[in-house]
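This is what each chain is made of:
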Amino acid sequence: MKAIIVDDEKHVREAVKLLVDWNHFGIDTILEAQDGEEAIEMIGEHRPQIIFTDMMMPTKNGLELLEWLEAHYACGKTIVISGHDDFQLVRHTVKHGGVDYILKPIDAEQLHAAVSKAVDCWIREENERHRKVQSNIEMNQIRPVYWEKTLSNLVAEPSAYEASAASLDEAFGIERGMKECRLAIIALDTMNAGLKAKFDANSDLLFFSVTNICNEILRAGRHGVAYRYWNSDGEILILLYGASPNPDPVLAEIQRGLTAALRSSLDIGVSLVQPFPYGLPAAYREAQSALRRRNLRVKEKRIYYAAGQPSAQQPLLSYSDYAEQIRLAVKSGSEEQIGKAVDLWLDAVRALDTVTVEQFRHWQSEYNVLRSRWLAEWFGERQAELNIRAAPVFASLPLDQDGALSPGLWRRQLIDDLTALAKLQLEHQHRDNNVIFEIAKYIQNHYHQDITLQEIANHFYLSREYISRKFKQEFKVNLSDYLSDIRVEKAKLLLLNPHLRIAQIAEMVGYDDEKYFSKVFKKLVGLSPNEYRKVNQP
């Protein structure tokens, strides 16, 4: 902390310096001035927290200094030290914010108490100032989010307008009498690579930058308000006031402003004129529809209007028409064949002059549906066990540096995904074959035990249905029949020993019931165990 002693008598200044325990109060800088004029200059430069002043001084006295302090530096705490026991001087001190009035000669205890009071007062007020500053910072952070959410809510719940109509008018000039409006959407999904990289780690900063640029332009002509749309990722909305027949000039100015500040413009979809506020949901859908119909082959960013000129008819193109070639290429396991199959599809895409977002999303949906079918065909119930992603495969559009559709990038994405599927399928196929042969070996080694399909499933951590299906595919016989064949073959060898009873042999090959063993044996061999023994006696 700092203190200043203002007195035209040097010995008084020295006395104050000696009588105050500066370290006790945390005061490490002590300044001196001979009159009020010099004090004002030093206070302006050094901003001391505690001010000691005499009343009667040349040039500018203590009365004038107190008045100046109240007007220009009210946070400083002033202690008057005067040789005049005058009520008017005391009254003037209190009126203009003085903490205490001490008479000369100075009493050390009175001075200590006055300084203590002044320091405590300054610390208390300083803490309150910090609290208010922090509160203002927090409010300034919260307020934009509050308004963004309020405006976003109007799109889903226009009836909420009445509750906030007065505050919206005060904050943004949205007059209660406004009957019509337009809604525009600034889309961030096709921004160019440079802009995306710049804000990749801080999307909030991107929203803040774009809305600020828009609102500077919109406020200048009271055209509307731009805000982050909290009900959807990657969208900024512009509420355009009134029913302007041509919002092109202000939107074109926004495009120029974005280009100047960010070195990139953005696609904007614009609704038709709708009633305010109850037409906002329809306006939002119209602006979205305008963006869905934009041409991804175009590199420069544009303004797209709802219900504008119909786009030229494009030949029907369905991903499903190329699906079988791609599926067979994946089954082959060859990345070269996969690349050739994908190129057939992308050659057809490249032949189109227009590819809308709507078209692309439809192709993505087709791809994901077909991919899910292939997964079900190849991996069945083991998809979860193998942690195979079902869909969607591509969350973002494959765009080039300018933000236009890149068939080359899309080709790489498709080939990478399909090649990974092919590799997984081959690994799965190889693993399946291995595990089925392991199961067959397990049966051969444990045929004499009471093994069941459930016991085998538990041992190999597979489902009974999966084992049954795969076992029959590989060995062309049910698992139970395979086990019976092994047991009967082992029983044939044991029947050659005349000293073993049939019941013993049945138990040795895994049957607790002799009659059931005989029944199974006869079914497979055509003879009962006794008949087989007689026929094969040496």
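Going by the structure above, here's the rest.
Residues numbered from 1 in each chain as written. Predicted model: local features only at pLDDT ≥ 70, side-chain atom pairs only at ≥ 80, totals over all residues. Heavy atoms only, no water.

A. Representation of the nonpolar core in the model. Judged by nonpolar contacts, the single largest core of 35 residues is most densely connected at W345 and W363. For this core, the secondary structure elements donating two or more residues are α11 (323-332), α12 (335-350), α13 (357-379) and α15 (407-446). With 9 residues, the top contributor of residues to this core is α13. When near neighbours in sequence (up to four residues on either side) are disregarded, W345 contacts L317, S318, Y319, Y322, W363, W410 and L414. (Core = buried A, V, L, I, M, F, W, Y, C linked by side-chain atoms within 4.5 Å. Buried < 20%, exposed > 50% of the residue type's maximum accessible area, 1.4 Å probe, protein only. Helix = DSSP H or I, 4+ residues; strand = E, 2+ residues; numbered from the N terminus. Contact = heavy atoms within 4.5 Å.)

B. Fine view of the sheet that holds strand β5 (residues 98-103). Here we have 5 strands laid out as an open sheet, ordered β2-β1-β3-β4-β5, and parallel in their pairing. Of all the strands in the sheet, just β2 (29-33) and β5 have a single pairing partner and so form its edges. In this sheet, neighbouring strand axes are inclined to one another by 15 degrees on average, regardless of whether the strands run parallel or antiparallel. The pairing of strand β3 (residues 50-53) with strand β4 (residues 77-82) spans 4 bridges and is parallel. Paired with I50 across the strands is K77, a residue of β4. Here helix α1 (residues 10-19) sits on the sheet and contacts β1 (2-6), β2, β3 and β4; the angle it forms with β2, its principal contact strand, is near 165 degrees. (Pairing = 2+ DSSP bridges. Axes fitted to C-alpha atoms, helices over the stretch in contact; angles between N-to-C directions.)

C. Spotlight on the pairing of β4. Counting buried residues along β4, 6 of its 6 residues qualify, which places the element largely inside the surrounding structure. With burial as the criterion, each face of β4 is covered, one bearing K77, I79 and I81 and the other bearing T78, V80 and S82. Where β4 lies against β5, 5 bridges are found, and the strand directions are parallel. Within the sheet, the bridge partner assigned to I81 lies in β5 and is I102. Crossover connection from β4 via helix α4 (residues 87-95) to parallel β5: handedness right-handed. (Right-handed = clockwise from strand over helix to strand, strands pointing away.)

D. Structural context of the pattern of salt bridges. For the coordinates displayed, the defined rule picks out 26 salt bridges. The partner of E336 in a salt bridge is K340, with the nearest N and O atoms 3.6 Å apart. Residue E336 and its partner K340 are both found in helix α12; the two are separated by 4 residues, about one turn of the helix. You can call K340 partly exposed: its relative accessible area is 46%. With a closest N to O distance of 2.9 Å, D417 and R371 form a salt bridge. Within this pair, whereas D417 is found in helix α15, its partner R371 is found in helix α13, the two being separated by 46 residues in sequence. (Salt bridge = Lys/Arg side-chain N within 4 Å of Asp/Glu carboxyl O.)

E. Examining the side chain of E366 more closely. Its place among the elements puts E366 in helix α13. We note that E366 is buried and unpaired, the nearest opposite charge coming from R373 at a distance of 8.9 Å. Within the local environment of E366, its side chain forms a polar contact with the side chain of S320, the two groups lying 2.9 Å apart. In this view, E366 contacts S318, Y319 and S320; residues no more than four positions away in its chain are not counted. (Lys, Arg positive; Asp, Glu negative; His and termini not counted. Polar contact = N/O pair within 3.5 Å; in protein donor to acceptor, adjacent residues only side chain to side chain.)

F. Focus on unusual backbone geometry. With an omega of -5 degrees, the peptide bond running from K104 to P105 counts as cis. Tracing the backbone through its elements, the reader meets P105 in the loop between β5 and α5 (108-156).

G. Region of interest: the environment of K60. The residue K60 is located in the loop between β3 and α3 (62-72) in this model. Once the C-alpha coordinates of K60 and Y146 are considered, the two residues, 86 residues apart in sequence, prove to be 52 Å apart. Beyond its immediate stretch of four places on either side in the chain, K60 contacts D35, G36, E37 and I40.

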